[in-house]
Number of protein chains: 4
Amino acid sequence: MPINVTVFGENIHERENPLVAEIYPIGMHGCIAAALNRDSELRANAVTQDQPEHGLTEQVLERTDVLTWWGHVGNGLVDDRIVERVHKRVLEGMGLIVLHSGHGSKIFKRLMGTGCDLTWRIADERERVWVCNPGHAIAQGIGATNFTIDREEMYGEPFGIPNPEEVVFLSWFQGGEVFRSGVTYRRGAGKIFYFRPGHETYPTYHHPIVQRVLTNAVHWARPEGRFPLGCAHVPVEQATERFVVDEVPAR
Amino acid sequence: MPINVTVFGENIHERENPLVAEIYPIGMHGCIAAALNRDSELRANAVTQDQPEHGLTEQVLERTDVLTWWGHVGNGLVDDRIVERVHKRVLEGMGLIVLHSGHGSKIFKRLMGTGCDLTWRIADERERVWVCNPGHAIAQGIGATNFTIDREEMYGEPFGIPNPEEVVFLSWFQGGEVFRSGVTYRRGAGKIFYFRPGHETYPTYHHPIVQRVLTNAVHWARPEGRFPLGCAHVPVEQATERFVVDEVPAR
Amino acid sequence: MPINVTVFGENIHERENPLVAEIYPIGMHGCIAAALNRDSELRANAVTQDQPEHGLTEQVLERTDVLTWWGHVGNGLVDDRIVERVHKRVLEGMGLIVLHSGHGSKIFKRLMGTGCDLTWRIADERERVWVCNPGHAIAQGIGATNFTIDREEMYGEPFGIPNPEEVVFLSWFQGGEVFRSGVTYRRGAGKIFYFRPGHETYPTYHHPIVQRVLTNAVHWARPEGRFPLGCAHVPVEQATERFVVDEVPAR
Amino acid sequence: MPINVTVFGENIHERENPLVAEIYPIGMHGCIAAALNRDSELRANAVTQDQPEHGLTEQVLERTDVLTWWGHVGNGLVDDRIVERVHKRVLEGMGLIVLHSGHGSKIFKRLMGTGCDLTWRIADERERVWVCNPGHAIAQGIGATNFTIDREEMYGEPFGIPNPEEVVFLSWFQGGEVFRSGVTYRRGAGKIFYFRPGHETYPTYHHPIVQRVLTNAVHWARPEGRFPLGCAHVPVEQATERFVVDEVPAR
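Please read these numbers as outputs of a predicted model, since none were measured by experiment.

**Remarks on the overall build of chain A**
Here is step 1 of the chain: For chain A, the count of helices and strands is seven helices and nine strands.
Here is step 2 of the chain: Principal-axis analysis of the C-alpha atoms places the extent of chain A at approximately 75 × 40 × 35 Å.
Here is step 3 of the chain: Residues classed as buried in chain A amount to 59% of the 251 residues present.
Here is step 4 of the chain: For chain A, the share of sequence-separated contacts (at least 6 apart) that also reach a separation of at least 24 residues comes to 71%.

**A word on the packing of helix H3 (residues 27–37) of chain B against helix H7 (residues 208–221) of chain B**
Residues and elements named next belong to chain B.
Here is step 1 of the chain: Relative orientation of the contacting elements H3 and H7 amounts to 70 degrees, with a least axis distance of 9 Å. Judged by the angle between their axes, H3 and H7 are roughly perpendicular. Of the two elements, H3 crosses H7, and the hand of that crossing is right-handed. In this structure, H3 uses Ile32, Ala35 and Leu36 to contact H7, whose residues at the interface are Gln211, Leu214, Thr215 and Val218.

**Points about helix H7 (residues 208–221) of chain C**
Residues and elements named next belong to chain C.
Here is step 1 of the chain: In this model, H7 (14 residues) spans 20 Å end to end at C-alpha, consistent with the 20 Å of a helix rising 1.5 Å per residue.
Here is step 2 of the chain: Among all positions in H7, only Val210, Val213, Leu214, Thr215, Asn216, Ala217, Val218, Trp220 and Ala221 are buried.
Here is step 3 of the chain: Summarising the contacts, the buried residues of H7 are in contact with strand S1 (3–9), helix H3 (27–37), strand S2 (42–48), strand S3 (66–70), strand S4 (95–99) and strand S9 (190–195).

**Observations concerning the interface of chain C and chain B**
Here is step 1 of the chain: Counting residues at the interface gives 25 residues for chain C and 26 residues for chain B.
Here is step 2 of the chain: Only strand S5 (119–131) and strand S7 (166–173) of chain C provide two or more residues apiece to the side of chain C that touches chain B.
Here is step 3 of the chain: At four residues, the largest contribution of residues to the side of chain C that touches chain B is made by S7 of chain C.
Here is step 4 of the chain: Of the residues belonging to the side of chain C that touches chain B, the class tally is twelve nonpolar, five polar and eight charged.

**Quick look at the sheet that holds strand S8 (residues 178–187) of chain C**
Residues and elements named next belong to chain C.
Here is step 1 of the chain: Taken together, nine strands build an open sheet; the order of strands is S2-S1-S3-S4-S9-S8-S7-S5-S6 and the sheet is mixed. Strands at the two margins of the open sheet, each flanked by one partner only, are S2 and strand S6 (146–156). Across this sheet, the average inter-strand angle for adjacent strands is 25 degrees, counted without regard to direction.
Here is step 2 of the chain: Relative to S9, S4 runs parallel, the two being bridged by four bridges. By the bridge assignment for S9, Leu99 is matched with Phe195.
Here is step 3 of the chain: Sheet contacts for H7: S1, S2, S3, S4, S6 and S9; angle to S9, the most-contacted strand, approximately 165 degrees.

**A short note on the relation of the copies chain A and chain B**
Here is step 1 of the chain: Take chain A, turn it by 180 degrees, move it 0.0 Å along the axis, and it overlays chain B with an RMSD of 0.0 Å. Interpreted geometrically, this transformation is the action of a two-fold axis. Relative to the rotation axis, the C-alpha of Gly113 of chain A is the closest in chain A, positioned 2.4 Å from it.

**Here we look at the relation of the copies chain C and chain B**
Here is step 1 of the chain: Overlaying chain C on chain B yields an RMSD of 0.0 Å, the required transformation being a rotation through 180 degrees with an accompanying axial translation of 0.0 Å.
Here is step 2 of the chain: Interface overlap between copies: 100% of the residues of chain C at the interface are likewise at the interface in chain B, consistent with a symmetric, same-surface contact.

**Focus: the interface of chain A and chain B**
Here is step 1 of the chain: Between chain A and chain B, the contact holds 42 residues from the first and 42 residues from the second.
Here is step 2 of the chain: Every element with two or more residues in the side of chain A that touches chain B is listed here: helix H6 (106–112), strand S5 (119–131), strand S6 (146–156) and strand S8 (178–187) of chain A.
Here is step 3 of the chain: Of all the elements, S5 of chain A adds the most residues to the side of chain A that touches chain B, at seven residues.
Here is step 4 of the chain: The residue inventory of the side of chain A that touches chain B, partitioned by class, reads 18 nonpolar, 15 polar and nine charged.

**Remarks on the pairing of strand S6 (residues 146–156) of chain B**
Residue and element names in this part refer to chain B.
Here is step 1 of the chain: With respect to burial, S6 is a largely interior element, eight of its eleven residues being buried.
Here is step 2 of the chain: The pairing of strand S5 (residues 119–131) with S6 spans nine bridges and is antiparallel. For Val129, the partnering residue across the bridge sits in S6 and is Phe147.

**Digging into unusual backbone geometry**
Glycine aside, residues mostly have negative phi, and peptide bonds are mostly found in the trans state.
Here is step 1 of the chain: Residue Pro158 of chain B follows Glu157 of chain B across a cis peptide bond; omega there is 0 degrees.
Here is step 2 of the chain: Mapped onto the elements, Pro158 of chain B comes out in the loop between S6 and strand S7 (166–173).
Here is step 3 of the chain: Even without being a glycine, His54 of chain A presents a positive backbone phi close to 55 degrees.
Here is step 4 of the chain: Tracing the backbone shows His54 of chain A in the loop between strand S2 (42–48) and helix H4 (58–62).
Here is step 5 of the chain: By C-beta crowding, His54 of chain A is classed as buried, having 23 other C-beta atoms within 10 Å.
Here is step 6 of the chain: For His100 of chain C, which is not glycine, the phi dihedral falls at a positive 45 degrees.
Here is step 7 of the chain: Within the element layout of this structure, His100 of chain C appears in the loop between S4 and helix H6 (106–112).

**Quick notes on the sheet that holds strand S9 (residues 190–195) of chain A**
Residue and element names in this part refer to chain A.
Here is step 1 of the chain: Ordered by their spatial adjacency, nine strands build an open sheet running S2-S1-S3-S4-S9-S8-S7-S5-S6, and the pairing between neighbours is mixed. Each edge of the sheet is formed by a strand with only one pairing partner; in this case those strands are S2 and S6. The average angle at which neighbouring strand axes cross in this sheet is 25 degrees, direction not considered.
Here is step 2 of the chain: Together, strand S1 (3–9), S2 and strand S3 (66–70) form the strand contacts of helix H3 (residues 27–37), whose direction differs from that of S2 by roughly 175 degrees.
Here is step 3 of the chain: The strands touched by helix H7 (residues 208–221) are S1, S2, S3, strand S4 (95–99), S6 and S9; relative to S9, the strand with the most contacts, the crossing angle is about 165 degrees.

**Examining the environment of Trp220 of chain D**
Residues and elements named next belong to chain D.
Here is step 1 of the chain: Along the chain, the position of Trp220 falls in helix H7 (residues 208–221).
Here is step 2 of the chain: Trp220 gets classed as buried once you count the C-beta atoms within 10 Å, which come to 20.
Here is step 3 of the chain: It is 19 Å that separates the C-alpha atoms of Trp220 and Tyr205, two residues lying 15 residues apart in sequence.
Here is step 4 of the chain: When residues no more than four places from it in sequence are discounted, the contact partners of Trp220 are Ala137, Ile138, Lys191 and Phe193.

**Things to note about the confidence of the model for chain A**
Here is step 1 of the chain: This prediction gives chain A a mean pLDDT of 95; 97% of its residues lie at or above 70.
Here is step 2 of the chain: In the model output, the complex is listed with pTM 0.97 alongside ipTM 0.95.

**A word on the pairing of S4 of chain C**
Residue and element names in this part refer to chain C.
Here is step 1 of the chain: Counting buried positions over the five residues of S4 gives five, a clear majority of the element.
Here is step 2 of the chain: Neither face of S4 is open: one carries Gly95, Ile97 and Leu99, the other Leu96 and Val98, and all of them are buried.
Here is step 3 of the chain: With five bridges connecting them, S3 and S4 associate as parallel partners. Within the sheet, the bridge partner assigned to Leu67 lies in S4 and is Leu96.
Here is step 4 of the chain: Taking the sense of rotation as the criterion, the β-α-β connection linking S3, helix H5 (residues 80–92) and S4 turns out right-handed.

Cut-offs applied
Position numbers for residues start from 1 in each chain and track the written sequence from start to end. Here chains are named by letter from A upward and ligands by number from 1 upward, in the order in which they appear as written. Only residues with pLDDT of 70 or above have their local features reported here, since the model is predicted, and side-chain atom pairs are shown and tallied only from 80 upward, although totals for entire chains, interfaces and linings are computed over all residues. Every helix listed is a DSSP run of H or I at least four residues long, and every strand listed is a run of E at least two residues long, numbered separately from the N terminus. Partly exposed residues are those falling between the two cut-offs: more than 12 but fewer than 20 other C-beta atoms within 10 Å of their own, whereas 20 or more means buried and 12 or fewer means exposed, with C-beta atoms placed from the backbone. Placing C-beta atoms from the backbone, we regard two residues as in contact once those atoms come within 7 Å. Note on geometry: axes are lines fitted to C-alpha atoms, helical ones only across the stretch in contact, with angles between N-to-C directions running from 0 to 180 degrees. Throughout this description, any angle smaller than 35 degrees is read as roughly parallel, any larger than 145 degrees as roughly antiparallel, any in the 65 to 115 degree range as roughly perpendicular, and the remainder as oblique. By definition, any crossing whose near helix is turned counterclockwise from its far helix by less than a right angle is left-handed, and any crossing with a clockwise turn is right-handed. Expected helix span is taken as 1.5 Å per residue step, with the number of steps being one fewer than the number of residues. For this scheme, ten residues count as nonpolar: Ala, Val, Leu, Ile, Met, Phe, Trp, Tyr, Cys and Pro. Four count as charged, namely Asp, Glu, Lys and Arg, and the remainder, Gly too, count as polar. Strand pairing follows a simple DSSP-based rule, namely that at least 2 bridges must link the two strands. A residue counts toward the fit only if its pLDDT is at least 70 in both copies, and the copies are then superposed by least squares on the C-alpha atoms of those residues. What pLDDT conveys is the predictor's confidence in a given residue, as a value from 0 to 100. A right-handed crossover is one whose linking path, passing over the helix from the first strand to the second, runs clockwise when the strands point away from the viewer.

Now the structure itself:
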């Protein structure tokens, strides 16, 4: 059974910055969706923020197994109702992969409960991504203990996130900083992976190992089950154990 | 140096339900504050939702080391701006102790990132609270591996929270349910403790062991340090390491 | 590709206690292996402690994807060299499912790093197993928020384990205790699941939901990748970055 | 009430390597104990592996609140009975701070349950230690988001440890590696902190910020309570709830 992936992109830099348009003629979302579709078990579709309901209608989300999210300058412009909708679907079991500047998206901050702040610098510097757990599903097929991205934006600690379930990747930057670049969470039934690389002015999403990590992450994040929402009342007569009020306990 | 505690109560049941008013003539918030003030290291002040800014002005929060929160029917009526303010203070380092139906408060759901759903029943049933980690600071002075609350509301699993840093207490209910009743988290610099017991129609906050747990929790949750908020830009010339763009790496 | 499961049983009670032999004519290990083999994706083989090398030779372990472990009176008699061998395989990526009194096995205590102590009572009492995360892979197909085992041994908190990655199940007991009955861990590349039910004098492993949980757990614990062991030396000339000793840093 | 600290050093390099003896005339253990004793709330005593029972007699451990551990070439020579003794005390509540090559000590591997492997290089390179959670007790008083150690041994990921309770520090190395340099755990009632820096041929333990971190860590790791060891039997007649065997449940 294929895994249905929806690839969300804000699609702003691609239209407004010729450099980005040149690197990503079909958008970062298009590039990511194409990479995922090279895996025959995945069915990836790109949607963009400028579409009605940001392309994330109830129907689209209901049939989405895993959603990937790239946002940056448009983070604050995402409709709160759509954020609610995505949030609800993650708690129910939809996987979510948050990319790079999506650390500042409403949906990521909403799920983390923190500010997700970090330090940053854009200086064409080298990033080395190290594998902390070579046995983790997301780190398979990399073929080494680390991989290099020749030019990237720097993100540095402190990264204002809750302690992750697992730190899969750590990054080293030429300018002296380090960063928890690949971290996993479970919220409700939903599995969440944040992956750092991907500044719009660099060809990061063309990088074969980055594509491999994203493909792995989609497989890892596929729904395992459903977490029913809401607070159910359990009347006394439906309690699993009968009990008599005022019955005297043993001690 | 004393620990400044602000005890937030919504103060609705106490005014509208004579039974609650009888059990808590000075409000649940008044009862809790009085209990905390019996510890000479604590300075507890009660505030209520009906006060201007819910009693949680910038000045009050700035000097608050630990905030305790009881809310129920008023959960949805709390001003979003005050929620933001409390959220920011927790991330910066203020401790937060969320009580009973405060599981449904805006601030708890905001910090957890989940729905915090549970199942429930009000049937005067017995609750047994078990200590999972007798060595935890919050579980000191209980004098046994468990304690009993003769009549309480039932809360049952599944409890829609992120996996806790530590499960300090688990509850057993007469009707057959179980619940993670005492759980800890760290969000930003803030330490958070959720404690289940405390339905308004029962004298739970008069229970000496419950009071002891709350006192322990305040000590545990006192601020350790401050987590600066915001995303700082680190220009190249301020990077800790000098680097030359396009410098060829070793391999 | 099938998942190869090795089902380890100490096979002592089955031979020495006629009651156990009657409930489990082919041993608890035989019963569990048969249940797992009903899933066409699993290839389960039972081994017992009385076999040479406890049936856990290098070859057997090398081709084992997931090992299940039931031990009790024989816990202390397991050869330390076999414990080492299993431990190494778990860190490398083999899944491990520890059952009931296996909480006291050398391999579980070795992997947890703690004493794994608990309280206990054998009194034919009712156990209710509650699902804490209905969305977790291990909790699928149960069809309700809880299931009942009519008669079981009681295990109670405090359970001396490290805080789990996820608490999947909690148990309620008739006598008033509670227990973290289904907990997950990751150690090295290995995924570990501890599952409480299964005292030898009760037909617990014939229970269809218990069998379903075990089958789910095997799928969940299958290896994701391999974690190479040992401390590798990385000589300067193989460092990913060239650096000059005594080079003056920026600041 | 002062915190009693025992500072364990293997005291081998100091006696055998003139360079180390010159940097640490009173041993690394002596240097660390002296640094801790500058805090008026601490009472630190150094013990060494060449003393009877490695200086860690029952009496010494019973009155120790926090133990710090530096070991390297002598890691494998530590008496297993002493390891058992320390392990028991940690589970009961004694704090433990493991330093640098103590990652390979029997006691650390015993508590972690993993191999604690890492990669390494000795090349006089620069280490930058970054604070991941500026609000954590262990990170107070550093005065910046990172600090520098001019020359140190490199330790690199993957670091074979269980996912920590909190990652307090991450290290950057000149040669391109990164490492989780400050991580916390709770095992039983004991709080554990691993801190990376401290190769014997560098003056790391004279570094004022390193000394500050160690002092903070001792305060953080002081015992909160005691976790009783052993599996207690709870007879039916002592169960908190009376129950009748074969009583028919509600459903």
